Amino acid sequence: MLLSITTEITPTAWILASIATFIIGLSKAGIKGIAVLNVTIMALAFGARQSTGMVVPLLVLADIFAVIYYNRYTQWKYVFKVLPWMLVGLLIGVFIGNELPEKLFKIGMAIIIIITVGMMFYWDRKKDKTVPSHWTFAGSIGIIAGITTMVGNLAGAFSNIYFLAMRLPKNQFIGTAAWLFLIVNIIKLPFHFFVWKTISIESLTLNLMLLPGILLGFFVGIRFIKHIKEAFFRKMILVLTAVGAVLIMLS
């Protein structure tokens, strides 16, 4: 399929892919929780398995824009806490991804996200300002995020939960997530290229053709996120993450 994808792609697939890349730009600009939509839309355009690899270079491009814009807000201690665990989960995902039933995976992940988001809402109602400090919290979130990012590019929900639990302010949240996912998505590239073979020169050409959608989405997202207050940002991310989990379950 990938050998002739740019010549055989239908107008409908082009439209869907353009919408998906616009959403990627929005997400990386800071409108977290909507990234699940781009995964679903790209799967409709190109098929679930092929789209998994095709999305990764687009994510890397969007991560680069996010890192450039939000770099000064990055809190590296949180990156270093969760990154090693995500890499462990990523390696697990490489080996189980081909055998894992997709529907079972999505339902299980959605249930975990919804339960965790419910816990986050409960903590907020208690007005408890403490943050989870035990290594098992970062470890469990990181491993699950690593598996889900490799299998379906769906780790955003878990990173949202982690950074919200750490009570990072809006810009620190976005900047720290930007660096974390830039590193992780770059590491994913060779696995998709050489092991799963879901990335090719042809698919990379398509990625470049879709770049304007990312740029537009990122610009719109930056303009939007500047007007979001800190308290509303936290609630928005929780709601969008929960809605995303439901969409995962239904897709």
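Since we're looking at a predicted model, the values are computed, not measured.

Let's shift gears to unusual backbone geometry. Phi angles above zero are rare outside glycine, and asparagine 153 is one such case at about 55 degrees. Mapped onto the fold, asparagine 153 is located in the loop between helix H7 (135–152) and helix H8 (156–165). We classify asparagine 153 as buried; its relative accessible area is 10%. The residue lysine 197 is not glycine, and still its phi comes out positive at about 55 degrees. Among the structural elements, lysine 197 can be located in the loop between helix H9 (170–195) and helix H10 (201–209).

Taken together, the side chains of Leu37, Phe121, Val239, Val243 and Leu247 define a hydrophobic patch exposed on the protein surface, amounting to about 370 Å² of accessible area. By residue number, the principal contributor to the nonpolar patch is helix H12 (residues 230–250), which donates 3 residues. Take valine 239: it is sitting in helix H12. Of the residues examined, valine 239 reaches a relative accessible area of 42% and is grouped as partly exposed.

Before going further, it helps to spend a moment on the UniProt feature "transmembrane region" (unreviewed entry) in the chain. Following the UniProt record, one finds the feature "transmembrane region" (unreviewed entry) at residues 12–31, 52–72, 78–97, 104–123, 135–165, 177–196, 208–225 and 232–250. The distance separating the terminal C-alpha atoms of residues 52–72 is 30 Å; by composition the span is 90% helix and 0% strand. Taken as a whole, residues 78–97 contains 95% helix and 0% strand, while its terminal C-alpha atoms sit 27 Å from one another.

With that settled, consider H8. Since the α-helix turns once every 3.6 residues, residues separated by three or four places project in the same direction. Counting buried positions over the 10 residues of H8 gives 9, a clear majority of the element. Along H8, the residues classified as buried are Ala157, Phe158, Ser159, Asn160, Ile161, Tyr162, Phe163, Leu164 and Ala165. At the exit of H8 stands arginine 167, carrying a positive phi of roughly 55 degrees.

Attention now moves to the pattern of salt bridges. Counting across every chain of the model gives 1 salt bridge. Salt-bridge contacts for aspartate 63 lead to lysine 28; the nearest nitrogen and oxygen are separated by 2.7 Å. Residue aspartate 63 is located in helix H4 (residues 48–70), and its partner lysine 28 is located in helix H2 (residues 11–29); the two are separated by 35 residues in the primary sequence. Aspartate 63 sits in the buried class, given a relative accessible area of 0%.

By the definition in use, this model includes 1 cavity of 30 Å³ or more. The space that makes up the largest cavity amounts to roughly 330 Å³. What lines the largest cavity is a set of 26 residues, among which Ala35, Asn153, Ala155, Gly156 and Ala157 lie closest to the centre. Contributing elements (two or more residues each) for the lining of the largest cavity: H2, helix H3 (35–46), H8, H9 and H12. For the lining of the largest cavity, the class distribution of residues is 12 nonpolar, 11 polar and 3 charged.

Within the secondary structure, serine 159 is located in helix H8. Serine 159 gets classed as buried once you look at its relative accessible area, which sits at 7%. Sequence spacing of serine 159 and isoleucine 141 is 18 residues, and the spatial spacing of their C-alpha atoms is 7.5 Å. Among the polar contacts listed, one links the side chain of serine 159 to the backbone oxygen of glycine 156, at a separation of 2.9 Å.

This part covers the packing of aromatic side chains. Inspection of every chain in the model, using the stated rule, returns 12 aromatic pairs. Summarising the aromatic geometry, the rings of phenylalanine 65 and phenylalanine 218 are spaced 6.1 Å apart at their centres and angled 50 degrees between planes, so their arrangement reads as tilted. Remark: phenylalanine 218 occurs in helix H11 (residues 211–225) and phenylalanine 65 occurs in helix H4; sequence separation between them is 153 residues. Look at phenylalanine 218 and you get buried, because its relative accessible area is 10%. Ring centres 5.1 Å apart and planes at 45 degrees place the aromatic pair phenylalanine 193 and phenylalanine 194 in the tilted group. Given a relative accessible area of 60%, phenylalanine 194 falls into the exposed group. Every member of this aromatic cluster is reached through a ring pair, and the members are Phe65, Tyr69, Tyr70, Tyr73 and Phe218.

This part is about the side chain of aspartate 63. Of note is the side chain of aspartate 63, whose polar atom sits 2.7 Å from the side chain of asparagine 185. Among residues more than four places away in sequence, those in contact with aspartate 63 are Lys28, Ala178, Phe181, Leu182 and Asn185.

Definitions and cut-offs
- Within each chain, residue numbers correspond to sequence positions counted from 1 in written order.
- In keeping with the predicted nature of the model, local features appear solely for residues at pLDDT of at least 70, side-chain atom pairs appear and are counted solely at 80 or more, and the whole-chain, interface and lining totals rest on all residues.
- Each side-chain value is derived from all of the structure's non-hydrogen atoms; neither hydrogens nor water enter the calculation.
- Numbering of helices and strands starts at the N terminus; helices are DSSP runs of H or I of at least 4 residues and strands are runs of E of at least 2.
- Partly exposed describes any residue whose relative accessible area lies between the buried limit of under 20% and the exposed limit of over 50%, with all areas from a 1.4 Å probe on protein chains only and scaled to the type maximum.
- In this analysis, a patch consists of residues with relative accessible area above 30% that form no salt bridge, clustered at 9 Å for like charges and at 5 Å for the nonpolar side chains Val, Leu, Ile, Met, Phe, Trp and Tyr.
- Each accessible area is a Shrake-Rupley estimate made with a 1.4 Å probe; only the visible protein chains count as cover when residues are assessed.
- In the sections that follow, a salt bridge refers to a side-chain nitrogen of Lys or Arg positioned within 4 Å of a carboxyl oxygen of Asp or Glu.
- UniProt positions are given in the numbering used here, feature names are shortened, and annotations may be inferred rather than shown by experiment.
- Here a cavity means grid points, on a 1 Å grid over the protein atoms only, where a 1.4 Å probe fits yet cannot get out; a pocket means an open set of points with protein on both sides within 12 Å along at least five of seven lines; lining residues are those with an atom within 4 Å of a point.
- Grid points are joined across faces, edges and corners, and a volume is the space filled by probe spheres set on the points.
- The nonpolar class holds Ala, Val, Leu, Ile, Met, Phe, Trp, Tyr, Cys and Pro. Asp, Glu, Lys and Arg form the charged class, and all remaining residues, Gly among them, are polar.
- Polar contacts here mean pairs of N or O atoms no more than 3.5 Å apart (in protein, one a potential hydrogen donor and the other a potential acceptor; neighbouring residues in sequence count only if both atoms are side-chain atoms).
- Classification of ring pairs uses Phe, Tyr and Trp, with its six-membered ring standing for Trp, and accepts pairs whose centres are within 6.5 Å; under 30 degrees between planes counts as stacked, over 60 as edge-to-face, and the remaining range as tilted.
- Contact definition: two residues touch when any of their heavy atoms are within 4.5 Å.

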